[in-house]
Amino acid sequence: MSSTEISAAGRSDIAHHLHPYTQLRALEQDGPLVIVKGDGVHVIDEHGRRYLEGMAGLWCASLGFSESRLADAASHQLRTLPYYHTFSGKVPGPVTELVAKLMQWAPTPALKAGRVLFANSGSESNDTAFKLVHYVHNVRGQPRKKKIIARQKGYHGVTAAAASLSGLPAMHQHFDLPLPGVLRVSAPHHYANALPGESEAAFVDRLIAELQALIAAEGADTIGGFIAEPVQGAGGVIIPPPGYWPRVQAVLKQHHILFIADEVITGFGRLGQRFGCDVFDLQPDMMTVAKMLTSAYVPMSALFVSEALYQTVADASASVGTFGHGYTYSGHPLACAMALETLNIYESDDVIGHVQRVAPRLQAGLQHFAQHPLVGQARGLGLIGALELSADPATRKPFEPARGVGAHLVRCAQAHGLIVRVLGGDIIAFSPPLIISEAEIDELLAKTALALDETLAWVRG
């Protein structure tokens, strides 16, 4: 698109809006895609063109883009109590209902007996978890036990602490990140990281040995936490091999390292169960959620804290005089009302049961693409999936990043009315709204097939 073809809205955007996660010089030339309306799993641009939103926005619009019950809940709350805070022992009414509901949803007894602290984004909740690792160990008389282990290709948000925990280089370059005290281990990505001929079991053995060696080298008395997504999202839809999670958790328990489960993408049904903790039998000390908590209709996140950690924090607040953390909008009544209605819809409409029924169609369709000449691996779980593109699938050789093959495929898909996302390493991600039908999954797959074939022709040409 030339600058003369960019609409007035688009020209205003590029003149005044600093876009996140965008190649800004290219945006100045091409202009933005201006979305003005939502309709179920589709969105509509300023010219009336429809797009199947194959990423649910940013992994988050679980109930699609036109759920009237959420609009009604928002209107009612705004007319009743548009804002109040949760500082100094005060609480807006919807908070009391939501925390009780979230305790019912919590995946483990330790979290069900604990507490929930609200914020506005997954970044903020992961930042809070980072702070609590420091806080708790200081209170417990372990002031050296502060380092946090995170994984390569992990994504935990963009605040200074959360970006430091994230294992994606573009998030660190020029920002003077990561902060000190963040340690890194490999992602459990067998396709990309396995040695030649290395089985999944042998690969897991090597990752556990790496984790144990890092703890031995740093000293377990200096390591306070380990943060990880059950399935890594923005890092490439990385699904850990069998046996990985039980062995990681055993190592953490052995060395008294707090486990933070980042369920910002995987929580509330994306994987076919309520949480990734349910899928992989995880027992975290803290768990962060956001995105699908409100179907992304308003910003909200939450940090679940185990009962044991809560007692430590409560004792410290008594000695200090306050718990010195929180956000102006923690437990915002509008967000709470939206979260409550979202959870009610998940239950009344059996949304997670629907995911279980339709997910096999998506996963079978993605596996069919594994035979395509551009695809090195197709993978997924529930309603999340990925196609990892390859210049030579037989040897798993990637394309040169500068060639932009994944980006080209995304442009082709968009031209056919499908929005998907390219992740680092030419990985095409899929994460549609949880309400997607089998017919709409077929639409998504058909448009992906067109984009793959057009990209293959472009590569060969």
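Refer to the preceding data block for the structure.
Everything numeric in this text was worked out from a predicted model, so none of it was measured.

So, on to the pairing of strand 5 (residues 147-151). Strand 5 sits mainly inside the fold: four of its five residues count as buried. The pairing of strand 5 with strand 7 (residues 223-228) spans three bridges and is parallel. Each residue of the ladder has a partner; that of Ile-148, found in strand 7, is Gly-225. With four bridges joining them, strand 5 and strand 6 (residues 182-185) adopt parallel strand pairing. Residue pairing for strand 6: Arg-151 is matched across the bridge by Val-185. A crossover connection joins strand 5 to the parallel strand 6 through helix 8 (residues 160-165); in handedness this β-α-β unit is right-handed.

On the secondary structure map, Asp-30 appears in helix 2 (residues 24-30). Among the residues examined, Asp-30 registers a relative accessible area of 38% and is labelled partly exposed. For the pair Asp-30 and Val-116, spaced 86 residues apart in the sequence, the C-alpha separation amounts to 43 Å.

Look at the link from Leu-177 to Pro-178: it is a cis peptide, with omega at 10 degrees. If you trace the backbone, Pro-178 turns up in the loop between helix 8 and strand 6. In this structure, Tyr-21 is a non-glycine residue whose phi angle is positive, near 45 degrees. Mapping Tyr-21 onto the fold places it in the loop between helix 1 (8-16) and helix 2. Under the relative-accessibility criterion, Tyr-21 is labelled exposed at 55%.

Another point: the packing of helix 4 (residues 68-80) against helix 14 (residues 333-348). Where helix 4 contacts helix 14, the axes come no closer than 9 Å and their chain directions differ by 150 degrees. The orientation of helix 4 relative to helix 14 falls into the category roughly antiparallel. In this structure, helix 4 meets helix 14 at a crossing whose hand is right-handed. Counted together, Arg-69, Leu-70, Ala-73, Ala-74, Gln-77 and Leu-78 of helix 4 and Pro-333, Leu-334, Ala-337, Met-338, Glu-341, Thr-342, Ile-345 and Ser-348 of helix 14 form the full contact between these two elements. Tallied by class, residues from the contact of helix 4 with helix 14 come to nine nonpolar, three polar and two charged.

It is worth spelling out the pairing of strand 3 (residues 50-53) at this point. Strand direction decides the pairing type here: strand 2 (residues 42-45) and strand 3, joined by three bridges, are antiparallel. Considered in strand 3, the bridge of Ile-44 is made with Arg-50. Here strand 2 folds back onto strand 3, and the loop between the two strands holds four residues, one of which, Gly-48, carries a positive phi near 90 degrees. Of the pairings in the sheet, the one linking strand 3 to strand 13 (residues 418-419) comprises two bridges and is parallel in character. Bridge assignment links Glu-53 to a residue of strand 13, and that residue is Ile-419.

It is worth spelling out the side chain of Thr-108 at this point. Mapped onto the elements of the fold, Thr-108 is located in the loop between helix 5 (93-105) and helix 6 (109-112). Accessibility expressed as a relative area gives 2% for Thr-108, which makes it buried. Among all residues touching Thr-108, those that are not within four sequence positions of it are Leu-282, Gln-283 and Pro-284.

Moving on, we come to empty space enclosed by the protein. Scanning the model with the defined rule gives one cavity of 30 Å³ or more in all. Roughly 40 Å³ of internal volume is contained in the largest cavity. What lines the largest cavity is Val-185, Ser-186, Leu-207, Ile-208, Glu-210, Leu-211, Phe-226, Tyr-244 and Val-248. Per-element accounting of the lining of the largest cavity gives the leading share, four residues, to helix 10 (residues 200-218).

This part covers the packing of aromatic side chains. The tally for this structure, following the rule as stated, stands at ten aromatic pairs. Within the aromatic cluster, the residues linked to one another by ring pairs are Trp-105, Phe-268, Phe-275 and Tyr-346. Geometry around Tyr-310 places Arg-115 over its ring, the cationic atom sitting 3.8 Å from the centre. The ring of Trp-105 has Arg-274 lying over it, and the distance from NZ or CZ to the ring centre is 4.0 Å.

The next subject is the sheet that holds strand 6. Strand order in the open sheet made by the seven strands is 4-10-9-8-7-5-6, with mixed pairing throughout. Lying at the two open borders of the sheet, with one neighbouring strand each, are strand 4 (115-119) and strand 6. When the angles between neighbouring strand axes are averaged without regard to direction, this sheet yields 20 degrees. Across the sheet, helix 10 lies against strand 5, strand 6 and strand 7, angled at about 150 degrees from strand 6, the strand it touches most.

Rules behind the numbers
- Residues numbered from 1 in each chain as written.
- Predicted model: local features only at pLDDT ≥ 70, side-chain atom pairs only at ≥ 80, totals over all residues.
- Heavy atoms only, no water.
- Buried < 20%, exposed > 50% of the residue type's maximum accessible area, 1.4 Å probe, protein only.
- Helix = DSSP H or I, 4+ residues; strand = E, 2+ residues; numbered from the N terminus.
- Pairing = 2+ DSSP bridges.
- Right-handed = clockwise from strand over helix to strand, strands pointing away.
- Axes fitted to C-alpha atoms, helices over the stretch in contact; angles between N-to-C directions.
- Parallel < 35°, antiparallel > 145°, perpendicular 65-115°, else oblique.
- Left-handed = near helix turned anticlockwise from the far one by under 90°.
- Contact = heavy atoms within 4.5 Å.
- Nonpolar A, V, L, I, M, F, W, Y, C, P; charged D, E, K, R; others polar.
- 1 Å grid on protein atoms, 1.4 Å probe; cavity = no way out; pocket = protein on both sides within 12 Å on 5 of 7 lines; lining within 4 Å.
- Points joined across faces, edges and corners; volume = space filled by probe spheres on them.
- Phe/Tyr/Trp six-rings, centres within 6.5 Å; stacked < 30°, edge-to-face > 60°.
- Lys NZ or Arg CZ within 6 Å of the ring centre and 35° of its normal.

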